[in-house]
Amino acid sequence: MLDGSNTAALINDDREEGLFRVHRSVFVDREIFELERRLVFDRSWLFAGHISEFPKRGDFITRHVGGRPLILVHSDDGEVRALLNTCRHRGNLVCRDLKGSGAEHFRCFYHGWIYNTRGELKGVPGEEAYSDAFDREALGLEPVPRMHNHRGLIFVAFDPEIETFASYMGDALPVIDNTLDLGDMEFVEGQFKYSMRANWKLLVENSMDGYHAAFTHERFATHFMPAMGMRELDFMRRGPPGTRRGGDTRPLGNGHVTGGYPSPDRPMHPSVAFLEKFAGDEMEAYRQKLVQQHGQERANLIEGGAGNYLIFPNLIIIDGWRVFRTFFPTSPDYMEINGWACLPREDTPGLRKARLEWYLGFQGPGGFATPDDVEGLEGCQMGFAAHKEVEWSDISRGMKGNTAGGPGELQMRVFWREWNARITTGRHAPYTGD
Amino acid sequence: MAADGHADGLGAITRQQVEDFLFAEAELLDEWKLAEWLALFDEERGSFFIPTTDAPDADPNTSLYLIADDMTRLRTRVEQLLSGLTWAENPKSRTNHMVTNVRIAGREGEALLVRANFVVFRMRFQNVDPYIGKYYYKLLPRDGTFKILERRAVLDLEALRPHGKVSFIV
């Protein structure tokens, strides 16, 4: 029975030789899956949603986070709450709608128990049947153990002893703030809800992977871009260190990592060229406002973005498309994925339309890129059926400071080192870089 | 004067004509004759929409969609599918487009409004995934047949789970 201490052999991390390997049993083993539930998902700050999804008092959404059914509610007292969506009587889901507004209470249909929007139990039909020991005040909808609202991003944690959000975030908060500084950000209406028949850790890797783009996403570069009147992209090109093309992957502590740290020298992401082409005047006006607000250098950082970054364990933010993405496993070979577009409320109509057109050109189950990622990861999971014979995946690109040959895989090693530390020691990895 | 009181030809179109058109379209898609399928669209004004599963009535100008193609995007979508570079459809999925509950819903300007229900079965790597929803068409009568002005597929699925993607033409 694996208890975590004998999983050290699953990650082969040889910094001296420049070799990094992951044992493929981590993608299929049920015991590893249970360890992850306990030691990763239940000991992390998990992204739950954005305040713009339930902005006004009386608004709510329901969603599964970390396997638990939650109600995210904007209570009548103005507080934002994350409540566990299970009746304190006998367990039914109390709120059965995906979202709503103007709520004054939540009523469990099973026996008619009523909770207010703060989760307090306000009505129990036939309450006189209970003894004096029955304490209505102790039977409100249980809030998640910990919750934090960072500039509209709602995070929850199921470990009541977890460190503070700020401490957990390591050096990641300036990067998140860089993304949020683009404007008064909102999650746009319309959510991507999809899945992959694949282990969740494959999507962490894939979301951070620069190496696959030239091959998996060839059609995006060679068909979509020219069809839009843009230049074909060269995904393999690697520029000088310190620039986005130089793949300035930077560990941010605690397993968080960015591929492409914001830098004033970086060439702009192709999204900027697309927006300039299709909403030029509005883009220019928007840029001027950013410059006025933040100065030229900072505005460049914000507009150019921080690349693709991971907030351990499973929040992916992709600045080039303004994607927020989370994914939770329900078994070793299946995950449910949520994708949102996080865009500025103050976008003028043409600019908003162009941002969405850019988004759909790549992202989502109907886009010109994401479906091929789904295909690739499901293919890997099918390949893992041979994990007893073909035991190891190689994730060695770019070790020992080797910057030749295009994109490296440091981002993935950062993730795996933290994952390994969590599983074997229950604590953060002290150092996740090469 | 046509049956619905208008003086144009739209009122003379029968449901069978519309069904024949939709069934022929379904056959083109199942046979992956995508260039012929693309030719069914009005060359300049044609469009193809699939809203997200949680916001079927959203406005594509301000909200996220799964697919919101004008003809430029639809053309490159078909080219990509035929190029072999769409790995999600190479090898191709087997599909079976079942089109039913077809009815003429009215008119909008020069276009006939048509509604239908669909289940498209996708068979791929030993999985069978049903895509279930409703079609909303705006059809332009032309030369005894139709050109598609707008093709909208609204999924009744709560999520693309376990489908994972909609990489073929639903």
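About the cut-offs
Residues numbered from 1 in each chain as written. Chains lettered and ligands numbered in written order. Predicted model: local features only at pLDDT ≥ 70, side-chain atom pairs only at ≥ 80, totals over all residues. Contact = placed C-beta atoms within 7 Å. Helix = DSSP H or I, 4+ residues; strand = E, 2+ residues; numbered from the N terminus. Nonpolar A, V, L, I, M, F, W, Y, C, P; charged D, E, K, R; others polar. Core = buried A, V, L, I, M, F, W, Y, C linked by C-beta atoms within 7 Å. Buried ≥ 20, exposed ≤ 12 C-beta atoms within 10 Å, placed from the backbone. Expected span 1.5 Å × (residues − 1). Domains from an automatic or database assignment. Axes fitted to C-alpha atoms, helices over the stretch in contact; angles between N-to-C directions. Parallel < 35°, antiparallel > 145°, perpendicular 65-115°, else oblique. Left-handed = near helix turned anticlockwise from the far one by under 90°. pLDDT = per-residue confidence, 0-100.

Trainee: Please explain the interface of chain B and chain A as it appears in this structure.
Mentor: The interface is formed by 34 residues belonging to chain B together with 35 residues belonging to chain A. Looking at the side of chain B that touches chain A, the elements with two or more residues in it are strand S1 (48-51), strand S2 (65-69) and helix H3 (71-83) of chain B. The element that contributes the greatest number of residues to the side of chain B that touches chain A is H3 of chain B, accounting for 6 residues. For the side of chain B that touches chain A, a count of residues per class yields 17 nonpolar, 12 polar and 5 charged.

Trainee: In this structure, what is going on with the environment of phenylalanine 165 of chain A? I would like to understand it.
Mentor: All names here are of chain A. Here phenylalanine 165 shows up in helix H2 (residues 165-168). Each C-alpha atom, one on phenylalanine 165 and one on phenylalanine 155, is 8.4 Å from the other, the two residues being 10 residues apart in sequence. In contact with phenylalanine 165, not counting residues within four places along its chain, are Trp45, His148, His150 and Phe155.

Trainee: Which parts of the structure should I look at to understand the nonpolar core?
Mentor: General note: in soluble globular proteins, nonpolar side chains tend to be found buried as a group. Residues and elements named next belong to chain A. In terms of nonpolar packing, the biggest core is built from 138 residues, with Leu46, Ala48, Leu72, Leu310 and Phe415 touching the most fellow members. Tallying contributions element by element places helix H12 (residues 410-425) first for this core, with 7 residues. Among the nonpolar cores identified, the runner-up in size contains 6 residues, and Ala221, Phe224, Phe368 and Ala369 belong to it.

Trainee: Even after reading the chapter, I still don't get helix H11 (residues 370-383) of chain A, so can you show me in this structure?
Mentor: An α-helix turns once per 3.6 residues; consequently, residues spaced three or four apart project the same way. All names here are of chain A. In this model H11 runs 20 Å from its N-terminal to its C-terminal C-alpha over 14 residues, within 8% of the 20 Å that 1.5 Å per residue would give. Along H11, the residues classified as buried are Thr370, Pro371, Asp372, Asp373, Val374, Glu375, Gly376, Leu377 and Glu378. Buried residues along H11 sit in contact with strand S14 (192-196), helix H4 (200-207), helix H5 (213-216) and helix H10 (349-362).

Trainee: Help me understand the domain arrangement of chain A, please; the structure alone is not making it clear to me.
Mentor: Many structure descriptions define interface size as the accessible area lost when the parts assemble. All names here are of chain A. Here the domain parsing of chain A yields domain 1 (46-157) and domain 2 (165-425). For domain 1 and domain 2, the distance between their C-alpha centres works out to 33 Å. Contact residues are listed per partner, giving 12 residues for domain 1 and 9 residues for domain 2. Looking at the side of domain 1 that touches domain 2, the elements with two or more residues in it are strand S3 (46-50) and strand S11 (146-150).

Trainee: Got a minute to help me understand the packing of helix H6 (residues 218-227) of chain A against H3 of chain B in this structure?
Mentor: When two helices pack together, their arrangement is given by the angle between the helix axes and the distance between those axes. It is the contact of H6 of chain A with H3 of chain B, at a shortest axis distance of 9 Å, that shows an interaxial angle of 155°. One finds that H6 of chain A runs roughly antiparallel with respect to H3 of chain B. The way H6 of chain A lies across H3 of chain B gives a crossing that is right-handed. On the side of H6 of chain A, the interface is formed by Arg219, His223, Phe224 and Ala227 of chain A, while H3 of chain B contributes Thr72, Arg75, Thr76, Glu79, Gln80 and Ser83 of chain B. Its residues assigned to classes, the contact of H6 of chain A with H3 of chain B shows 2 nonpolar, 5 polar and 3 charged.

Trainee: Whenever I open this one, the confidence of the model for chain A confuses me. Can you help?
Mentor: Detailed reading of predicted coordinates is not advised where the pLDDT is low. Chain-level statistics for chain A give a pLDDT mean of 93 and a share of 94% at 70 or above. A low-confidence stretch, residues 239-246 of chain A (pLDDT under 50), is modelled with 22 contacts involving residues beyond four sequence positions or located in other chains.

Trainee: What's the story with unusual backbone geometry in this structure? I'm lost.
Mentor: Among all residues except glycine, the phi angle is most often negative; among peptide bonds, the trans geometry is most common. In this chain, phenylalanine 312 of chain A is followed by proline 313 of chain A through a cis amide linkage whose omega measures 10°. Assignment of secondary structure puts proline 313 of chain A in the loop between strand S17 (308-311) and strand S18 (315-318). For the peptide bond that leads from asparagine 90 of chain B to proline 91 of chain B, omega is 5°, which places it in the cis range. Tracing the sequence through the fold places proline 91 of chain B in the loop between H3 and strand S3 (94-108). A positive phi is found at asparagine 254 of chain A, a non-glycine position, where the angle reads about 60°. Asparagine 254 of chain A gets classed as buried once you count the C-beta atoms within 10 Å, which come to 25. Even without a glycine there, the phi angle at tryptophan 32 of chain B is positive, about 60°.

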